[in-house]
Amino acid sequence: MGETLSFVSFVTKEKASPTHKKEKLMNMTDWTLEPRMREFELGDYLGAAPRWCPSCGNHTVLKCLQKLCKDLNLPPEKTVVVSGIGCSSRLPHHMGTYGFHSLHGRSLPVACGIRARRPDLSIFVVTGDGDCCAIGAGHWLHALRYNMKMTVMLLDNNIYGLTKKQTSPTTPAHTKTNTHPNGAPLDPVNPLATAISMTNASFVAQCVDWLPEHLYNTLLRAQQHPGLAFIRIRQRCPHFMKGHLDAFMNDPNKIQILTDPRGVLPGSLTQTYGTVEHDPTSYDDAMKHARQTDPIPLGLLYLNESALRYDEFTQKGIVTSEEEKLAAIEAELNKFAIL
Ligand SMILES: Cc1ncc(C[n+]2csc(CCOP(=O)(O)OP(=O)(O)O)c2C)c(N)n1
Ligand SMILES: [Mg+2]
């Protein structure tokens, strides 16, 4: 009612020319159908309340991802978080964006499918060490090679968490688990060295869950990368791997920050931890750091910005007109014409 009154008073009091009046009226109401520039808040990225154990590393990853989306003002309807199965893979439920909680080991083929058809979306993948390095290992390697634009977070707690403590490919040898009560017999897979060695891999970084500033800066750097950014996050599992990373958390000498202008911003970490200059474009240096387990190297280990991107090939033809699509179908059918 208030609005109507002010509208009437505006029309009657105004003594201007009809064109001027029309312009004024147009300005009063925005009739354009274009969506306006929107500012998002942290609350726009909140989903269901997380039910992970207290001090599980998944909480840090969730918070960093939500803050990143907010800081980059990513529209929630243009953002998708894809996961497999595991405690970590529940993360999409806790985001206020689109999400795809897929099958065990299948986050990457789903994400690659989305990327192939939706160049406009921001894609984040969350996968556990079992999900990625065991059942999903084939998909993992080929996704690295396809190098489609997306950020892949390997939440590596060195155990199958959801199914209650079975040996995963990254479980340290001799760890007693439900599948190996006398201790895991084999040395673990090294996800960093494996990723770097894959043909056409382009971005491999490492973080730890208890240093959120560095994790956030790594996600930020990954977003600037044109291809697949693979981030291994060393992660606590307070229930099934109690204290397994305590030594690294409690002793600053057991963390080493890799620095380079092309790498991850070290932020305030340089005040506490030792740094080492590292050229991420050197394959040999990247491999050297990938094999280093103590101290844990943090930052961008490997970068190859000229690696080919498979999404650039698969996206060809998506924005063709109806006529062009019909002509393409005709051309295909004509191949079978009997002359
Ligand atoms: C095809 C298939 N095989 C096995 C399972 C059982 N399963 C569910 S989660 C999981 C392991 C999860 O471990 P990880 O990927 O490390 O995630 P975390 O729970 O540690 O975050 C397994 C074996 C399943 N759901 N589907
Ligand atoms: Mg795990």
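Refer to the structure above for everything that follows.
Before going into details, it helps to say that this report is about the structure given with it. In this text the structure is predicted, and so the values were computed from the model without any measurement.

### Comments concerning the coordination of the magnesium ion (ligand 2)
Four donors placed tetrahedrally around a metal ideally meet at 109.5 degrees, and six donors placed octahedrally ideally meet at 90 or 180 degrees.
For step 1, the next point in the chain: In this structure, Asp-129 (OD), Asn-157 (OD1) and Ile-159 (O) serve as the protein donors to the magnesium ion (ligand 2), at separations of 2.1 Å.
For step 2, the next point in the chain: One chain supplies every donor to the magnesium ion (ligand 2), and in sequence these donors are spaced D-x27-N-x1-I. Of this pair, Asp-129 sits in helix α5 (residues 129–135) while Asn-157 sits in the loop between β4 (150–156) and α7 (191–197), placing them 28 residues apart in sequence. Each member of the pair Asp-129 and Asn-157 is classed as buried.

### A few points about helix α10 (residues 283–290)
For step 1, the next point in the chain: Those residues of α10 that fall on the buried side of the exposure criterion are Ala-286, Met-287, His-289 and Ala-290. Viewed end-on, α10 has its buried residues packed into an arc of 165 degrees, placing them on one side of the element. Structural note: α10 exposes Asp-284 and Lys-288 on the side pointing more than 90 degrees away from its buried face.
For step 2, the next point in the chain: In this fold, the buried residues of α10 make contact with α7, β7 (255–259), β8 (274–277) and β9 (296–303).

### Structural notes on the sheet that holds strand β6 (residues 228–234)
For step 1, the next point in the chain: Strand order in the open sheet made by the nine strands is β2-β1-β3-β4-β6-β5-β9-β7-β8, with mixed pairing throughout. With partners counted over all chains shown, the strands left at the sheet margins are β2 (98–101) and β8, one partner each. Across the sheet, the mean angle separating the axes of adjacent strands is 20 degrees when strand polarity is ignored.
For step 2, the next point in the chain: The sheet strands contacting α10 are β7, β8 and β9, and the helix crosses β9 at an angle near 155 degrees.

Rules of the game
- Residues numbered from 1 in each chain as written.
- Chains lettered and ligands numbered in written order.
- Predicted model: local features only at pLDDT ≥ 70, side-chain atom pairs only at ≥ 80, totals over all residues.
- Heavy atoms only, no water.
- Donors = N, O, S within 2.8 Å, 3.2 Å for Na, K, Ca; no water.
- Helix = DSSP H or I, 4+ residues; strand = E, 2+ residues; numbered from the N terminus.
- Buried < 20%, exposed > 50% of the residue type's maximum accessible area, 1.4 Å probe, protein only.
- Arc of directions from axis to C-beta.
- Contact = heavy atoms within 4.5 Å.
- Pairing = 2+ DSSP bridges.
- Axes fitted to C-alpha atoms, helices over the stretch in contact; angles between N-to-C directions.

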